[in-house]
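Structural characterization, general
Chain residues, written in single-letter form:
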Amino acid sequence: MKKINILDRNIYNRIAAGEVVDRPYSAVKELIENSIDAGATDIEIYVENGGRQLIKIVDNGCGIERDDLPAAFAPHATSKISKVEDLDDVKTLGFRGEALASISAISKVEIVSVTAGNAAWKITCDGGNVGQISPAALGKGTVISVRNLFYNTPVRAKFLKTDKKEEADITNFVTRYILGNTSISFKYYVDGELVLQSFGGGLDEAVAQVYGAKTLSQCYKIDAEKDGFKVSGFIGNQNFFKPNKTYQSVFLNGRYIVNNTIATAINNAYASYMMKRQFPFYVLNIGVSGDFVDVNVHPNKADVRFLDNRRVFGAVYSVVSSVLDGTVKAADFVVGEKRIPEIKSTSGECVNKIYSQPETAPLVMPYEKISEKPTSVAANDLPQSQDFDPTRDLTFNDYMPKQSVAEMTVTDGTVLPSIENYGLFKAEKEFREKERETQQKIDCKSCKFRGSLFDTYLLYEVGETVYLIDQHAAHERLIYDELRKKMRERNIVRQPMLIPYIFSVNSVEAQFLESNLQLLRSMGFGLSVFGYCSFRVDEVPVNLQDIDIGAFMDEILAQISSLKSVSVEDILKDKIATCACKHAVKGGMRLTEQEVDALFEMLDGNIGLKCPHGRPVCVALAKRDIEKMFKRIV
Ligand code: ADP
Ligand code: MG
């Protein structure tokens, strides 16, 4: 046996760093939280090369005393709690005293800080080695610069994503802090450019800054109190949905969390308003007393544990669903213009129409109502956050809204091919499909055209059989096949758009689109980056010029949260089918002889084909069957 060593502090911290700081976004997160804990009202964040080269946070908080500077780098060194009991009611975002120790073990950190009435001081820490304190110049607060993150942990560095991807994940978090700390002004710079800014002017302003002012008009602003919980913020109205879950933020007592109970409650409230592949928009603050919640579940603090999940579920569900359903309570919950007007009769009863259901709507017992809704989850199936495994290392995905098991998440944009679209399986599937359809092939040359019925069905006789070909279905299928082939072969003619389509997305979506830019371009969509988190489409495939480009982009963005590889071909299937349908000859349209011949030639005897909607192209009638009809034979 080897001798047991007490690990050197630097080694220990490098191991611990794996838990708290696994990617640049987590360093940014910890540093911002420190600034918030320090009471800062102004926070500037600078990120270079996806945070790998530099993360710098400038705040105007309380600063660190000169003599405390070395201790800031020590593990389990914190000014936020001092005794075990403090853990039961943590009011700050940090409390473990691990972040700075972890970050400084794997990077080169410099802290410049000043406290009220004192001179400013500077200290450095390089790979865990704390340097000397020296005088510095700073008016207020603290400036922490983290350079060369992971420089001495090459294996971990290898697991980092591209700079763009790391940057997108950082931006995603900065967005969350802006939304969750609306009295703080934030400035966020990426590679020297100011890309996000808020002014500390409250939630309305923060939401407008992050998602655009128009978003506000598509939301309800709520401020409710239910069963001991405060529920406030913005929730999208019944017509405002997003293509994925990246527009959902929940803050618990100011802390950004991802919690299944809350997410399920909100989702269930929206269930009857949402269509497939739509996701609600929300920025919600949940306020709850400290003794009802345990935030000390994991170093990363992504999830929390509630004393009673059902109560949380009930309160959140009840508030959101009453606002959406427009029940009596909604009037108490909705703030501002959207406040639902209350009309009372002389006896004081509510006579407003939208209020008419509340007495029967089981507001206080939401579970019964849930079970009526198609996509809802019974309360018993609710994930208990007690199941949360505190020993498991959290990753970025833990901070992303969860998908249902069926959907599974790959929020880091990794493109995983679905099994059936993959290699052999795909070839096999295509082969079988082809085989099924081509089994029935007739020799065109021996077919005699015998005219058409109702200007729709072309009659061909061969041997003892007569074939009725639906001219529309046949033509539609042929055009469809041709368009698909062109798409597959990337043999697409592009059509410039008169007015380019310009749209904005969030940072996670932007990164996703950028990684699929080449693919979309090769499919004929002239998509290009048009400023920060903005894109422009100026060309579409010529056959799809009527495509609703906004809806199409939403369908692409919906794939962010699925395990499937981005299959533009599949998305375009419907569009191509519509296009084929539009361009095909119609039923009831008289064709010239040449047209009939051309169509039949194109069909090339493939009578087993179906139109893109699944209708048969051709129906065969045996001579025998006709003779039976006339009772010539029995
Ligand atoms: P924790 O936040 O859990 O206490 P950290 O390692 O993040 O642990 O920070 C250690 C300590 O350094 C904090 O408790 C705080 O006293 C001090 N500190 C860190 N960042 C700042 C800052 N921006 N302003 C003031 N004090 C800070
Ligand atoms: Mg901290």
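Every chain begins its residue count from 1, and numbering advances along the sequence as written. Each chain is given a letter, starting from A, and each ligand a number, starting from 1, according to the order in which they appear as written. With the structure being a predicted model, the display of local features is reserved for residues of pLDDT at least 70 and the display and counting of side-chain atom pairs for 80 or more, all residues being used for whole-chain, interface and lining totals. Side-chain figures throughout are based on the complete set of non-hydrogen atoms in the structure, without hydrogens or water.

This part covers the sheet that holds strand β21 (residues 494–504). Two strands make a pair as long as DSSP finds a minimum of two bridges between them. Counting from the N terminus, the helices are the DSSP runs of H or I reaching at least four residues and the strands are the DSSP runs of E reaching at least two. Overall, antiparallel pairing links the three strands, which are arranged β21-β23-β22 in an open sheet. Each end of this open sheet is capped by a strand with a single partner; those strands are β21 and β22 (527–529). If you compare each strand with its neighbour and ignore which way they point, the axes differ by 20° on average. Note on definitions: angles span 0 to 180 degrees between N-to-C directions of axes, and those axes are lines fitted to C-alpha atoms, for helices only across the stretch in contact.

A separate point is the pattern of salt bridges. Think of a salt bridge as a Lys or Arg side-chain nitrogen and an Asp or Glu carboxyl oxygen that are within 4 Å of each other. Per the counting criterion, the structure on display carries 22 salt bridges. For Arg305, the salt bridge identified is with Asp294, shortest N-O distance 3.9 Å. Note that Arg305 is positioned in strand β17 (residues 305–306) and Asp294 in strand β16 (residues 293–294), a separation of 11 residues in sequence. For the salt bridge of Glu539 with Arg494, the shortest nitrogen-to-oxygen distance reads 2.8 Å. One end of the pair, Glu539, is in strand β23 (residues 534–541); the other, Arg494, is in strand β21, with 45 residues separating them in the sequence. To sort residues, take the accessible area from a 1.4 Å probe on protein chains only and compare it with the maximum for the residue type: under 20% means buried, over 50% means exposed, and anything in between is partly exposed. Judged by relative accessible area, which is 23%, Glu539 ranks as partly exposed. Classification of Arg494 as partly exposed rests on a relative accessible area of 32%. Sharing partners across several salt bridges, the network here consists of Arg23, Lys165, Glu166 and Asp169.

As a further point, take the sheet that holds strand β9 (residues 219–226). The mixed open sheet is built from five strands, whose spatial order is β9-β10-β15-β12-β13. Only two strands of the sheet have a single partner each, and these edge strands are β9 and β13 (255–257). Neighbouring strand axes in the sheet, compared pairwise and without regard to direction, differ in orientation by 20° on average. Helix α6 (residues 163–180) contacts β12 (248–252), β13 and β15 (282–287) of the sheet and is inclined by roughly 55° relative to β12. The contact definition used throughout considers only heavy atoms, calling two residues in contact when any of these lie within 4.5 Å. Each of β10 (229–236), β12, β13 and β15 is contacted by helix α9 (residues 260–270), which is oriented at about 125° to β15, the strand it contacts most.

Further remarks concern the packing of helix α14 (residues 471–488) against helix α19 (residues 593–603). For any two helices packed against each other, the geometry comes down to the angle between their axes and how far apart the axes lie. Orientation of α14 relative to α19, taken along the N-to-C sense of each, is 55°, at an axis distance of 10 Å. Classified by the angle between their axes, α14 and α19 sit oblique to one another. Read as a crossing pair, α14 and α19 show a hand that is left-handed. Taking contact as the criterion, the partners of Gln471, Ala474, His475 and Leu478 in α14 are, on α19, Leu599, Met602 and Leu603. A per-class count over the contact of α14 with α19 returns five nonpolar, two polar and no charged. Oblique is the label for any angle not covered by the other classes, which are roughly parallel (under 35 degrees), roughly antiparallel (over 145) and roughly perpendicular (65 to 115). Throughout, a crossing is termed right-handed when the near helix is turned clockwise from the far one, and left-handed when it is turned anticlockwise from it by less than a right angle. In this count, Pro and Cys sit with the nonpolar residues alongside Ala, Val, Leu, Ile, Met, Phe, Trp and Tyr, while Asp, Glu, Lys and Arg are called charged and the others, Gly among them, polar.

A few words now on helix α10 (residues 309–325). Given a rise of 1.5 Å per residue, 17 residues ought to cover 24 Å, and the 23 Å separating the end C-alpha atoms of α10 matches this to within 8%. When you tally the buried positions in α10, you get 15 out of 17 residues, the bulk of the element. Residue Gly326 follows α10 closely and has a positive phi angle near 70°. One fewer than the residue count of a helix, multiplied by 1.5 Å, yields its expected span.

Below, the discussion takes up the packing of aromatic side chains. Between 30 and 60 degrees the pair is tilted, below 30 it is stacked and above 60 it is edge-to-face, where a pair is any two Phe, Tyr or Trp rings, Trp via its six-membered ring, whose centres lie within 6.5 Å. Across all of its chains, the model carries 17 aromatic pairs by this definition. Geometrically, the ring pair formed by Tyr211 and Tyr247 is tilted, given 5.4 Å between the ring centres and 45° between the ring planes. Taken together, the residues Tyr211 in helix α7 (residues 203–211) and Tyr247 in the loop between β11 (241–242) and β12 connect sequence positions 36 residues apart. Comparing Tyr211 with Tyr247, the two get one shared label, buried. Relative to Phe281, the ring of Phe240 has its centre 5.4 Å away and its plane inclined at 50°; by these criteria the two rings are tilted. Taken together, the residues Phe240 in the loop between β10 and β11 and Phe281 in the loop between β14 (279–280) and β15 connect sequence positions 41 residues apart. Three or more aromatic residues joined by ring pairs form one cluster here, namely Tyr25, Phe173, Phe251 and Tyr256. Two conditions define a charge sitting above a ring: the NZ of Lys or the CZ of Arg must be within 6 Å of the ring centre, and it must be within 35 degrees of the ring normal. For the cation-ring pair, Lys108 lies above Tyr151, with the distance from its terminal atom to the ring centre recorded as 4.8 Å.

Each residue gets a pLDDT score, which is the predictor's confidence in that residue and runs from 0 to 100. Model confidence for the chain is summarised by a mean pLDDT of 81, while 78% of its residues fall at 70 or above. Long-range and interchain partners of residues 349–394, a stretch whose pLDDT sits below 50, account for 96 contacts in this model, where long-range means more than four residues apart. Overall, residues 403–424 carries pLDDT values under 50, and its contacts beyond four positions in sequence, including any with other chains, amount to 40 contacts.

In this section: the side chain of Ser534. Tracing the backbone shows Ser534 in strand β23. For Ser534, the residues in contact, after removing those within four places along its chain, are Phe503, Ser504, Ser528 and Val529.

Moving on to the packing of α14 against helix α18 (residues 568–583). Contact geometry for α14 and α18: axes closest at 8 Å, N-to-C directions at 140°. It follows that α14 is oblique to α18 by the angle criterion. You can see that α14 and α18 cross each other, and the crossing is right-handed. The residues of α18 that touch α14, namely those facing His472, His475, Glu476, Ile479, Tyr480, Leu483, Arg484, Met487 and Arg488, are Glu569, Leu572, Lys573, Ile576, Ala577, Cys579, Ala580, Cys581 and His583.

Right, let's talk about unusual backbone geometry for a bit. With a phi close to 50°, Asn148 is a non-glycine residue in the positive phi region. As for its position among the elements, Asn148 is in the loop between β6 (141–147) and α5 (154–158). When its relative accessible area of 33% is taken as the criterion, Asn148 is described as partly exposed. With a phi angle near 60°, Arg277 is a residue other than glycine that sits in the positive phi range.

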